[in-house]
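For reference, the chains in residue letters:
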Amino acid sequence: MRLSTRGRFAITAMIDLALRESAQPVPLVEIALRHRISLSYLEQVFAKLRQQGLVDSTRGPGGGYTLGFRGDSITVADIIGAIEDGDDDRKPESQRETSQSAQDMTQGLWDDLHSALVKHMKTITLRSLAAEQRAKGFQVEERMATKKGVFQKPKADPLRPHVPNSVFALGQWQPGGV
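Remember, it's a predicted structure, so these values are computed and weren't measured experimentally.

Peer 1: Is there a simple way to explain a nonpolar patch on the surface in this structure?
Peer 2: On the surface, Val29, Leu33 and Leu39 cluster together into a nonpolar patch covering about 280 Å² of accessible area. Here Leu39 lies in helix H3 (residues 39–51). When its relative accessible area of 33% is taken as the criterion, Leu39 is described as partly exposed.

Right, here's the structure in full:
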């Protein structure tokens, strides 16, 4: 399992979804703007998250993403595992470098560190990260519901009876006078 920028962006976007889960689906465009992440990059990330069932998508106007069916139990390890595709920096036995003895001396250390890291990431839930943000005072700005269709006519400003309404009246008008 690798820790990369892609994983960091995925965790950031998932926290954003968790903070806004009571509202309507969140469009990726909004997440991209809030966190200054490329929209096409986020689309790739969310495609992988959707394949793993971590998010659900809604198409059409008012569509976007919400947390998947496992919303309560999503962990950081789940997110990283979905994004990183099981990529592993360790090479298979047949591709190891010639300094086999040097790798053998430290391989146990790296395996133990990797296991400890994964074990720790499994204890951090998305809910706890969202709760931590709320405790720091984060306020979710509710977005305006998009209204489609015919709107009310704008109300006309009331007429001002004491203001000249033509060039000729302006010539005869005296400020402060009636």
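Peer 1: What is the right way to read the packing of aromatic side chains from this model?
Peer 2: In total, this model carries two aromatic pairs according to the counting rule given. Residues Phe9 and Tyr41 carry aromatic rings whose centres are separated by 5.7 Å and whose planes lie at 90 degrees to one another, so their mutual orientation is edge-to-face. On the criterion of sequence distance, the pair formed by Phe9 in helix H1 (residues 5–19) and Tyr41 in helix H3 is long-range, its members being 32 residues apart. The partly exposed category is assigned to Tyr41, whose relative accessible area is 28%. Seen from their ring centres, Phe46 and Tyr65 are 4.8 Å apart, and the 55 degrees between their planes marks the pair as tilted.

Peer 1: Teacher, can you tell me more about the environment of Asp78 here?
Peer 2: Note that Asp78 resides in helix H4 (residues 76–83). The class of Asp78 is partly exposed, set by a relative accessible area of 24%. In sequence terms Asp78 and Leu126 are 48 residues apart; their C-alpha atoms lie 9.8 Å from each other. Once residues lying within four places of it in the same chain are set aside, the contact partners of Asp78 are Leu54, Arg70 and Ser73. Separated by 3.0 Å, the side chain of Asp78 and the backbone nitrogen of Thr75 make a polar contact.

Peer 1: Explain the pattern of salt bridges here, please?
Peer 2: When charged atoms on two side chains of opposite charge get close, those side chains can pair. Under the criterion given, the structure shown has five salt bridges. Taking the shortest distance from any N to any O, the salt bridge between Arg6 and Glu84 comes out at 4.0 Å. Of this pair, Arg6 sits in helix H1 while Glu84 sits in the loop between H4 and helix H5 (100–121); the two residues are 78 residues apart in sequence, bridging distant segments of the chain. Looking at Arg6, the relative accessible area reads 24%, which means it is partly exposed. Between Glu132 and Lys136 there is a salt bridge, with the nearest N and O atoms lying 3.8 Å from each other. Glu132 gets classed as partly exposed once you look at its relative accessible area, which sits at 42%. Overall, the relative accessible area of 62% leaves Lys136 in the exposed class.

Peer 1: Help me understand the pairing of strand E1 (residues 55–58) in this model?
Peer 2: Note on strand geometry: in a regular strand, side chains alternate between the two faces of the sheet. Bridge count between E1 and strand E2 (residues 64–67): four bridges; the pairing is antiparallel. Opposite Ser57, over in E2, you have Tyr65 as the bridge partner. Remark: five residues form the turn of the hairpin made by E1 and E2, two consecutive strands paired antiparallel; Gly60 in that turn has positive phi of roughly 90 degrees.

Peer 1: Help me out: how do you make sense of the side chain of Glu84 in this one?
Peer 2: The exposure class assigned to Glu84 is buried, which follows from its relative accessible area of 1%. Within the local environment of Glu84, its side chain forms a polar contact with the side chain of Ser4, the two groups lying 2.5 Å apart.

Peer 1: Is there a simple way to think about the nonpolar core in this case?
Peer 2: Taken as a class, soluble globular proteins show a tendency for nonpolar side chains to be buried jointly. Counting residues in hydrophobic clusters, the biggest one holds 32 residues, and the most contacted among them are Met14, Leu17, Phe46, Leu49 and Ile79. Broken down by secondary-structure element, the contributors of at least two residues to this core are H1, helix H2 (28–35), H3, E2, H4 and helix H6 (126–135). Among the elements that take part in this core, H1 stands out by supplying eight residues, more than any other. The contact partners of Leu17, leaving out residues within four places of it in the chain, are Val26, Ile31, Phe46, Val55, Tyr65, Thr66 and Leu67.

About the criteria used
- In this numbering scheme, every chain counts its residues from 1 along its sequence in written order.
- Only residues with pLDDT of at least 70 are given local features in this predicted model, and only at 80 or more are side-chain atom pairs given and counted; all residues enter the totals for whole chains, interfaces and linings.
- The side-chain figures draw on all heavy atoms in the structure; neither hydrogens nor water molecules are used.
- Only residues above 30% relative accessible area that lack a salt bridge enter a patch, with like-charged residues linked at up to 9 Å and the nonpolar side chains Val, Leu, Ile, Met, Phe, Trp and Tyr linked at up to 5 Å.
- Computed with the Shrake-Rupley method and a 1.4 Å probe, the accessible areas treat only the protein chains shown as cover for residues.
- When a carboxyl oxygen of Asp or Glu lies within 4 Å of a side-chain nitrogen of Lys or Arg, that pair is called a salt bridge.
- Secondary structure elements are taken from DSSP: a helix is a run of H or I of four residues or more, a strand is a run of E of two residues or more, and numbering for both begins at the N terminus.
- When accessible area is computed with a 1.4 Å probe and restricted to protein chains, residues below 20% of their type maximum are described as buried, those above 50% as exposed, and intermediate ones as partly exposed.
- Aromatic rings from Phe, Tyr and Trp, with only the six-membered ring used for Trp, were paired whenever their centres fell within 6.5 Å, and each pair was classed as stacked if the ring planes differed by under 30 degrees, edge-to-face if by over 60, and tilted otherwise.
- Whether two residues are in contact is decided by their heavy atoms, any of which lying within 4.5 Å being enough.
- N or O atoms closer than or at 3.5 Å make up a polar contact, with two conditions inside protein: a donor-capable atom paired with an acceptor-capable one, and, for residues adjacent in sequence, both atoms drawn from side chains.
- Should DSSP find at least two bridges between two strands, the strands are regarded as paired.
- Residue types Ala, Val, Leu, Ile, Met, Phe, Trp, Tyr and Cys, when buried and joined through side-chain atoms within 4.5 Å, form a set referred to as a nonpolar core.

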